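# Analysis of the macromolecular model
One letter stands for each residue in the lines below.
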Amino acid sequence: MTAKNLIRWAKTLFTPVAITFLGYFCWEARETLGELLRQASWPMLFVAACVWVLLHLLSPLMAVAVLNGSGSTVSWSQAFATHASRLPARYVPGGVWHTVGRVMDFHEQGVRPRHLTAFVVLENGLAAAFTLAVGGAIVMALRDGDTVGTIAGVACTAALIGLVAMYFIVNRKVLQEPDALSARSYLSSLFVTAAFWIGATVAFLTYLHAFPAATGDYSNVEMGGIYLFSWGVGFVAVFAPQGIGVFELVASELMRGPIGLMGLAALIAGFRVVVGVADLAVWSLYQLVSR
């Protein structure tokens, strides 16, 4: 069995297992979660969803920066149209179909295959490197030299090296002359990545602040770093589509709130619901306006 088939089977098997465990956590912590929901700030939840909606206006800039920087011509409106119309594909098992759909659309619009390869590599690679670099540095400082802190430090160092190496790898192995990405275009794509994940962190923190009794005495910087690091770990766990289960478990283990690991993992999983509502809102509005 090839590595690709092995990963595909691992994803297929892991997803229902992860969902089952998260469901079990929700059931075990149902009384705590019920009380948190009764005390929740619904305006804060609404704001968290609105922040994520706004991030959908930022996401297409990644395609614009990379594809235009490689020699293709893609406008923000084109990139947004394929991004918004393909949003339901995010929820198809496998976790890659939103990317696949957008690549197909761009290819039909005349974008060259190697430009699309560079786009996919950078969109995913920069997200993983940025979250692990920033989140790893914060977790390393938070854990003060213990085993987890050391792992976070190693991840941060590897991610920083990756941020530099990715530029040369994409240009030499994927694009090549005369389509090589300029340093300015690469920095633009990195800036878009940073802006998106800062916005995503704001949305997550807003979500957590809707349940003030759940997270203890952690500062916004600490919780934001835990979110970024946990998302990065979930992303590089290739057997877990969209990091499901891995992200929640790592974040709840690092945060250790007063509601216990199961309750916190279930609460953090609830952020996916907010993201899902925001995705549905953007897709629905796009369908309404485009028609």
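One structure accompanies this document, and this report is about it. (Residues numbered from 1 in each chain as written. Predicted model: local features only at pLDDT ≥ 70, side-chain atom pairs only at ≥ 80, totals over all residues. Heavy atoms only, no water.)

Take the overall build of the protein next. Per the secondary structure count, the protein includes 12 helices and zero strands. Starting at the N terminus, the α and β elements of the protein follow one another as α-α-α-α-α-α-α-α-α-α-α-α. In terms of C-alpha radius of gyration, the protein reaches 19 Å, essentially the compact-globule figure of 19 Å for 291 residues. Oriented by its inertia axes, the alpha-carbon framework of the protein measures out at about 60 × 50 × 40 Å. Expressed as a percentage of the 291 residues in the protein, the buried residues total 47%. Sequence-distant contacts, at least 24 apart, represent 72% of the contacts inside the protein between residues at least 6 apart. Of the roughly 14300 Å² of accessible surface on the protein, a fraction of 70% belongs to carbon and sulfur atoms. Counting 17 positive and 15 negative side-chain charges, the protein places the averaged centre of each group 11 Å from the other. (Helix = DSSP H or I, 4+ residues; strand = E, 2+ residues; numbered from the N terminus. Rg over C-alpha atoms; globule rule 2.2 N^0.38 Å. Buried < 20%, exposed > 50% of the residue type's maximum accessible area, 1.4 Å probe, protein only. Contact = heavy atoms within 4.5 Å. Areas by Shrake-Rupley, 256 points an atom, 1.4 Å probe, with all protein chains shown as cover. Lys, Arg positive; Asp, Glu negative; His and termini not counted. Charge placed at Lys NZ, Arg CZ, Asp CG, Glu CD.)

Turning our attention to the packing of aromatic side chains. Enumeration over the complete set of coordinates arrives at 19 aromatic pairs. Look at phenylalanine 204 and tyrosine 227: their rings are 4.5 Å apart centre to centre, the planes differ by 20°, and that puts the pair in the stacked class. Placement of phenylalanine 204 in helix H9 (residues 183–209) and of tyrosine 227 in helix H10 (residues 220–236) is noted, with a sequence separation of 23 residues between them. In this pair, the class of phenylalanine 204 matches that of tyrosine 227, namely buried. Taking the centre distance of 5.1 Å and the plane angle of 15° together, the rings of tryptophan 231 and phenylalanine 235 count as stacked. On the criterion of helical spacing, the pair formed by tryptophan 231 and phenylalanine 235 is a turn pair, its members being four residues apart in helix H10. An aromatic cluster of three or more residues is present, and its members are Trp52, Phe196, Trp197, Phe204, Tyr207, Phe211, Tyr227, Trp231, Phe235, Phe247 and Phe271. Between the NZ or CZ atom of arginine 30 and the centre of the ring of tryptophan 27, over which it lies, the distance is 3.9 Å. (Phe/Tyr/Trp six-rings, centres within 6.5 Å; stacked < 30°, edge-to-face > 60°. Lys NZ or Arg CZ within 6 Å of the ring centre and 35° of its normal.)

Moving on, we get to the layout of surface pockets. Counted as a void, the second largest pocket has a volume near 370 Å³. Lining of the second largest pocket is provided by 19 residues; of these, Tyr207, Ala266, Ala269, Gly270 and Val273 occupy positions nearest its centre. Ranked by residue count, the leading element in the lining of the second largest pocket is helix H12 (residues 260–290), at seven residues. Here the residues of the lining of the second largest pocket sort into 16 nonpolar, two polar and one charged. (1 Å grid on protein atoms, 1.4 Å probe; cavity = no way out; pocket = protein on both sides within 12 Å on 5 of 7 lines; lining within 4 Å. Points joined across faces, edges and corners; volume = space filled by probe spheres on them. Nonpolar A, V, L, I, M, F, W, Y, C, P; charged D, E, K, R; others polar.)

In total, this model carries seven salt bridges according to the counting rule given. As a salt-bridge pair, arginine 38 and glutamate 35 come within 2.8 Å of each other at their nearest N and O atoms. Remark: glutamate 35 and arginine 38 occur in helix H2 (residues 30–39); sequence separation between them is three residues, near one turn of the helix. For arginine 38, a relative accessible area of 61% translates into the label exposed. In this structure, aspartate 279 and arginine 90 form a salt bridge, with 3.5 Å as the shortest nitrogen-oxygen distance. Of this pair, aspartate 279 sits in helix H12 while arginine 90 sits in the loop between helix H5 (76–85) and helix H6 (97–108), placing them 189 residues apart in sequence. Residue arginine 90 is classed as partly exposed on the basis of its relative accessible area of 21%. (Salt bridge = Lys/Arg side-chain N within 4 Å of Asp/Glu carboxyl O.)

In this structure, asparagine 171 sits in helix H8 (residues 147–175). Among the polar contacts made by the side chain of asparagine 171, one reaches the main-chain amide nitrogen of leucine 181 at a distance of 2.6 Å. Apart from residues lying up to four places away in sequence, asparagine 171 is in contact with Gln176, Ala180 and Leu181. (Polar contact = N/O pair within 3.5 Å; in protein donor to acceptor, adjacent residues only side chain to side chain.)

Glancing now at the packing of helix H4 (residues 60–70) against helix H7 (residues 113–143). The geometry of H4 relative to H7 is characterised by a closest axis approach of 9 Å and an angle of 140° between their N-to-C directions. By the angle class used here, H4 and H7 are oblique. Considering how the two elements wind past one another, H4 and H7 form a crossing that is right-handed. Facing H4, whose interface residues are Met62, Ala63, Val66, Leu67 and Ser70, H7 presents His115, Leu116, Ala118, Phe119, Leu122, Glu123 and Leu126. (Axes fitted to C-alpha atoms, helices over the stretch in contact; angles between N-to-C directions. Parallel < 35°, antiparallel > 145°, perpendicular 65-115°, else oblique. Left-handed = near helix turned anticlockwise from the far one by under 90°.)

As for its position among the elements, threonine 201 is in helix H9. Apart from the residues within four sequence positions on either side, threonine 201 is in contact with Gly224, Tyr227 and Leu228.

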